[in-house]
Amino acid sequence: MRLVLDPYADMILADGITLLCNDLQLVLSWHMKAATMCEYSKEEFIGGLLSLGQVLGSLLDLCFGNRVDSLEKLHERIPYMRSELKDEQKFREIYLFAFGWAKEKGQKSLALDTAIGMWQLLFAEKQWPLIDHWCQFLQARHNKAISRDTWAQLLEFVRTVDPQLSNYDAEGAWPYLIDEFVEYLYENGIVQRG
């Protein structure tokens, strides 16, 4: 396999990135500090490999020193990248990075369908029992783009409020959308009031 390069730009575009790392594109893109989903500039790609190389032991040398001649050898590094999602601090960094990375250029908010897809991807690795209910709630009751504040506060909600909501403070400083979600959970009998 070879990376699919755009012959008219110094970029690896969607097809090449899909080949590069289909199931860990977000973590890889975080390492690359990619500005846009499904695109890596040459600078982002090399910088990302340098970043990975510091942790993984000269990955850049492996890739450009004739020791990696296929994407399969780069795929050998996937277990390390997957483990980063299990580290609480790195997960938080990747989660916050995902908002800017996934939103459309020039937009301040993240399209709802994109946000839902990103949440499902992120919380597939870091289990949150209410993720499906959150996505259903948004589709049924919100149906609008997601702000950066809501994106960030949801992670704080997931980290601090248990799935049965026993430690949820209705007087807390949660965004309105999260308060509405809690009411949705109670109204639909998903969680019982404490």
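Only a predicted model underlies this, so the values are computations on that prediction, with no experimental measurement involved.

(A) The arrangement of helix α7 (residues 88-102) in detail. End to end, α7 covers 21 Å across 15 residues, agreeing with the expected 21 Å (1.5 Å per residue, within 8%). Every buried residue belonging to α7 is among Phe-91, Ile-94, Tyr-95, Phe-97, Ala-98, Phe-99, Trp-101 and Ala-102, and all of these are buried. Buried residues along α7 sit against α2 (25-32), α6 (78-84), α8 (112-125) and α10 (148-160). One side-chain oxygen at the N-terminal end of α7 lies 3.2 Å from the backbone nitrogen of Gln-89; it belongs to Asp-87.

(B) Structural context of the packing of aromatic side chains. Tallying each qualifying case throughout the model produces 19 aromatic pairs. When the ring of Phe-137 is compared with that of Tyr-184, the centres are 5.2 Å apart and the planes differ by 55 degrees; the resulting orientation is tilted. Of this pair, Phe-137 sits in helix α9 (residues 131-142) while Tyr-184 sits in helix α11 (residues 176-187), placing them 47 residues apart in sequence. Classification of Phe-137 by relative accessible area gives buried; the value is 1%. Tyr-184 sits in the buried class, given a relative accessible area of 10%.

(C) Focus on the packing of α9 against α11. The interhelical angle for the contact between α9 and α11, taken along N-to-C directions, is 105 degrees, at an axis separation of 10 Å. Here α9 lies roughly perpendicular to α11, going by the angle between them. Across the interface between the two elements, His-133, Trp-134, Gln-136, Phe-137, Leu-138, Arg-141 and His-142 from α9 touch Leu-177, Ile-178, Glu-180, Phe-181, Tyr-184, Leu-185 and Glu-187 from α11. Here the residues of the contact of α9 with α11 are counted per class, giving eight nonpolar, three polar and three charged.

Conventions used here
Residues numbered from 1 in each chain as written. Predicted model: local features only at pLDDT ≥ 70, side-chain atom pairs only at ≥ 80, totals over all residues. Heavy atoms only, no water. Helix = DSSP H or I, 4+ residues; strand = E, 2+ residues; numbered from the N terminus. Expected span 1.5 Å × (residues − 1). Buried < 20%, exposed > 50% of the residue type's maximum accessible area, 1.4 Å probe, protein only. Contact = heavy atoms within 4.5 Å. Polar contact = N/O pair within 3.5 Å; in protein donor to acceptor, adjacent residues only side chain to side chain. Phe/Tyr/Trp six-rings, centres within 6.5 Å; stacked < 30°, edge-to-face > 60°. Axes fitted to C-alpha atoms, helices over the stretch in contact; angles between N-to-C directions. Parallel < 35°, antiparallel > 145°, perpendicular 65-115°, else oblique. Nonpolar A, V, L, I, M, F, W, Y, C, P; charged D, E, K, R; others polar.

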